[in-house]
Structures are given as C-alpha cells and as structure tokens.
Amino acid sequence: LDNGNRSVAQTNSESSWKSVYTTNGITSGRHFYSFKVVNGGQGNNIMIGLGATVPLAPSTVSYPGNSSDPGVSYYGKVGNKYHSNTNSSFGETFTSGDIIGMLVNMDFRTVTFFKNGKLMGTAAGDDVIKPNTTYYPIISLTELGQMVVSLDITDN
C-alpha cells in the first residue's frame, strides 16, 4: 500500500494471488468505487471485486468469488466474472490505463461494473450477494510490478 493507502502494488515476485481489502466493510446502501489500473503487468492478471471471506495469506489462492467466498470479481485478463468458484464471459478485458468502476447496491444486493465509464453489466445479484454479510471491495494481483490506484469512493 502507498499513496495514503490509495495504491496497491505487487512487490512479491511469487506468482500467486494476493488480495487487499478496503478498510471499511459495507452491509447496506449504495457505494461506487473507481480504480485505475496503473500497471497491468505482462499477463494482466488483475481482479477487482467485492468479497466477504477472501483470505489474505499469499500462499492461498484468494480473490473475490473463489471457492466459498460469497462475492464476485471482474478479471482483467479475459473479461470474465467469477463467483461461487465458477467463471463466465462478462465484459471487455482491461489493462494499464483503464478505469474500472464498481457500483454496489447492498439494498438490492447487486454488483455492477464499468470500464472507462462504459457499462459492462451487472455481475452479481441477490443469488450471489448474501444478506446480513459484510462485504469489502478487494483488489487481487499476481505479478511483480502490477499496480492499481483507488480514485474515488462514493457512498449514498
């Protein structure tokens, strides 16, 4: 973490998922998060999403929507969405220079993604996002040098 805890960079050369949460979890309301991909790395293995139980240990495969995590993520390399340990085609790929927006409506339990202001779609609904659960925006990186910066957080 750097830049007043608004940037996250992969500084470990071990190629495995490492995740960073925001400091405040959410349980209700509408929230918009905006992230700029500063460096997507060679493989562009970056996931941006919302999760509840993603472990932070570097030896653990961890990203929102993996295994038993009741969350969802948008994967930059192929544009897929991940939830319930499955993935499917979703939106455009993203890489260095792109801005990814994530609109979370906890009252209706939906997560919607944007790329450079363009709607990619709703990646998760109330079938994925569980009630009475605290969720956290999460950035997951795998490659040395990858960097994502949080640009904006809006709560309503």
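Provided above is the structure to which this section pertains.
Residues numbered from 1 in each chain as written. Predicted model: local features only at pLDDT ≥ 70, side-chain atom pairs only at ≥ 80, totals over all residues. Heavy atoms only, no water.

Visitor: How would you summarise the pattern of salt bridges if you had to cite specific residues and measurements?
Guide: Enumeration according to the criterion identifies three salt bridges in this entry. Where aspartate 98 meets lysine 115, a salt bridge forms, and the shortest distance between an N and an O atom there is 4.0 Å. Taken as a pair, aspartate 98 in the loop between strand 7 (86–89) and strand 8 (99–105) and lysine 115 in strand 9 (residues 110–115) lie far apart in primary sequence, 17 residues in all. Both residues of the pair, aspartate 98 and lysine 115, count as buried. Among the charged side chains, a salt-bridge network with shared partners connects Glu92, Asp98, Lys115 and Lys118. (Salt bridge = Lys/Arg side-chain N within 4 Å of Asp/Glu carboxyl O. Helix = DSSP H or I, 4+ residues; strand = E, 2+ residues; numbered from the N terminus. Buried < 20%, exposed > 50% of the residue type's maximum accessible area, 1.4 Å probe, protein only.)

Visitor: Run through the pairing of strand 5 (residues 72–75), naming residues and quoting values.
Guide: The two faces of strand 5 match: Val72 and Tyr74 on one face and Ser73 and Tyr75 on the other face are all buried. As paired strands, strand 4 (residues 46–51) and strand 5 are joined by four bridges and run antiparallel to one another. Opposite leucine 50, over in strand 5, you have valine 72 as the bridge partner. Here strand 5 runs beside strand 6 (residues 80–83); their pairing, made up of three bridges, is antiparallel. Pairing of valine 72 across the sheet is with histidine 83, part of strand 6. Turn length for the strand 5-strand 6 hairpin, with the two strands adjacent in sequence and antiparallel, is four residues, and the turn residue glycine 79 shows positive phi of about 80°. (Pairing = 2+ DSSP bridges.)

Visitor: I'd like to hear about the sheet that holds strand 7, residue by residue, with values.
Guide: Here six strands make up an open sheet; going across it, the order is 2-11-4-5-6-7 and the pairing antiparallel. One side of each edge strand has no neighbouring strand; the edge strands of this open sheet are strand 2 (18–21) and strand 7. Strand-to-strand twist across the sheet, computed as the mean angle between neighbouring axes with direction ignored, equals 25°. (Axes fitted to C-alpha atoms, helices over the stretch in contact; angles between N-to-C directions.)

Visitor: Account for the nonpolar core, naming residues and giving values.
Guide: In this structure, Ile48, Leu50, Val111, Phe113 and Ile129 are the most contacted members of the largest nonpolar core, which totals 27 residues. Among the secondary structure elements, those contributing two or more residues to this core are strand 3 (30–39), strand 4, strand 5, strand 8, strand 9, strand 10 (118–124) and strand 11 (136–141). Not counting residues up to four positions away in its chain, the partners in contact with valine 111 are Leu50, Val72, Met102, Leu103, Gly121, Thr122, Ala123, Ala124 and Ile129. (Core = buried A, V, L, I, M, F, W, Y, C linked by side-chain atoms within 4.5 Å. Contact = heavy atoms within 4.5 Å.)

Any link to function would need more than the numbers given here.
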